[in-house]
Amino acid sequence: CIKPTTVFRGTTGPGAQLPRAAEKALFDTLTNIRVTFQECAWADGKFCKQEIFWVAQELHDAGVKGEVRFGMDNHSAQRTPGMEAIYRSLEMMPIYTAAGCTDCISPVDHHVGRFIQGHMGRAYQNALERDPHIWRTDVAERDIEHAHSTSAMARRMLMAKWLSDA
């Protein structure tokens, strides 16, 4: 009942160019995942706050009542006093993975994440076999992470589709 979220690097909002119209059109059809953009592609405080409200809404929509316990990575953005207050207000009890142990014991990384990584890896290999140039940037001088390049958009769309398919 909880959708996975993918975070792509780039800014959104007034004056921003992301997501581009073609991306937004695709992302809107992928109703089983969430796609978000951030200046840096990791879970910062703003993202963690929004994500926990999305999760709470999905749990509510699924009819889950009472206290909810959930496993979380040990990110500093998830452990701030403000986030701890939000968890309490939502009747959520985070159980943090010990530092350095995420890949071994985190329920998401160890089970769901491993399945998603395997699916994404196979999808990438299949796409690469069909088009060996799929991961090249549209201008040789551009960094592969250049968020506004056409090929970066195509890669984001592929990765979102693969995540949705997983």
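Report follows, based on the coordinates. Residue numbers run consecutively from 1 along every chain, following the written order of its sequence. With pLDDT at 70 or above as the cut-off, local features in this predicted model cover only qualifying residues; side-chain atom pairs require 80 or more to be listed or tallied, and sums for whole chains, interfaces and linings still use all residues. Just so you know, side-chain values use all the structure's heavy atoms and leave hydrogens and water out.

## Considering unusual backbone geometry
So, step 1. Even without a glycine there, the phi angle at Glu91 is positive, about 60 degrees.
So, step 2. Counting from the N terminus, the helices are the DSSP runs of H or I reaching at least four residues and the strands are the DSSP runs of E reaching at least two. Structurally, Glu91 can be placed in the loop between helix H3 (81-89) and strand E4 (92-96).

## What about the packing of aromatic side chains?
So, step 1. Whether two aromatic rings pair depends on their centres lying within 6.5 Å, for rings of Phe, Tyr and Trp, where Trp uses its six-membered ring; planes under 30 degrees apart make the pair stacked, over 60 edge-to-face, and the rest tilted. In total, this model carries three aromatic pairs according to the counting rule given.
So, step 2. A centroid spacing of 5.9 Å and a plane angle of 50 degrees characterise the contact between Phe8 and Phe37, whose relative ring orientation is tilted. Placement of the pair is Phe8 in strand E1 (residues 5-9) and Phe37 in strand E2 (residues 34-38), with a sequence separation of 29 residues.
So, step 3. Summarising the aromatic geometry, the rings of Phe27 and Phe37 are spaced 6.4 Å apart at their centres and angled 45 degrees between planes, so their arrangement reads as tilted. Here the residue Phe27 occupies a position in helix H1 (residues 21-29), and Phe37 occupies one in strand E2, the gap between them amounting to ten residues.
So, step 4. Remark: exposure states derive from per-residue accessible area (1.4 Å probe, protein chains only) relative to the maximum for the residue type, with buried under 20%, exposed over 50%, and partly exposed in between. A relative accessible area of 11% means that Phe27 is categorised as buried.

## Side note on the nonpolar core
So, step 1. For our purposes a nonpolar core is just a set of buried Ala, Val, Leu, Ile, Met, Phe, Trp, Tyr and Cys residues, chained together by side-chain atoms within 4.5 Å. By size, the foremost hydrophobic cluster in this structure holds 15 residues, and its most contacted members are Ile52, Phe70, Met83, Tyr87 and Met92.
So, step 2. Only helix H2 (45-61), strand E3 (68-72), H3 and E4 provide two or more residues apiece to this core.
So, step 3. Looking at this core element by element, the count peaks at six residues for H2.
So, step 4. Should any heavy atoms of two residues lie within 4.5 Å, those residues are counted as being in contact. Excluding its chain neighbours within four sequence positions, the residues that come into contact with Ile52 are Phe70, Met83, Ile86, Tyr87, Leu90 and Met92.
So, step 5. With 14 residues, the next largest nonpolar core counts Phe8, Ile116, Ile134 and Leu163 among its residues.

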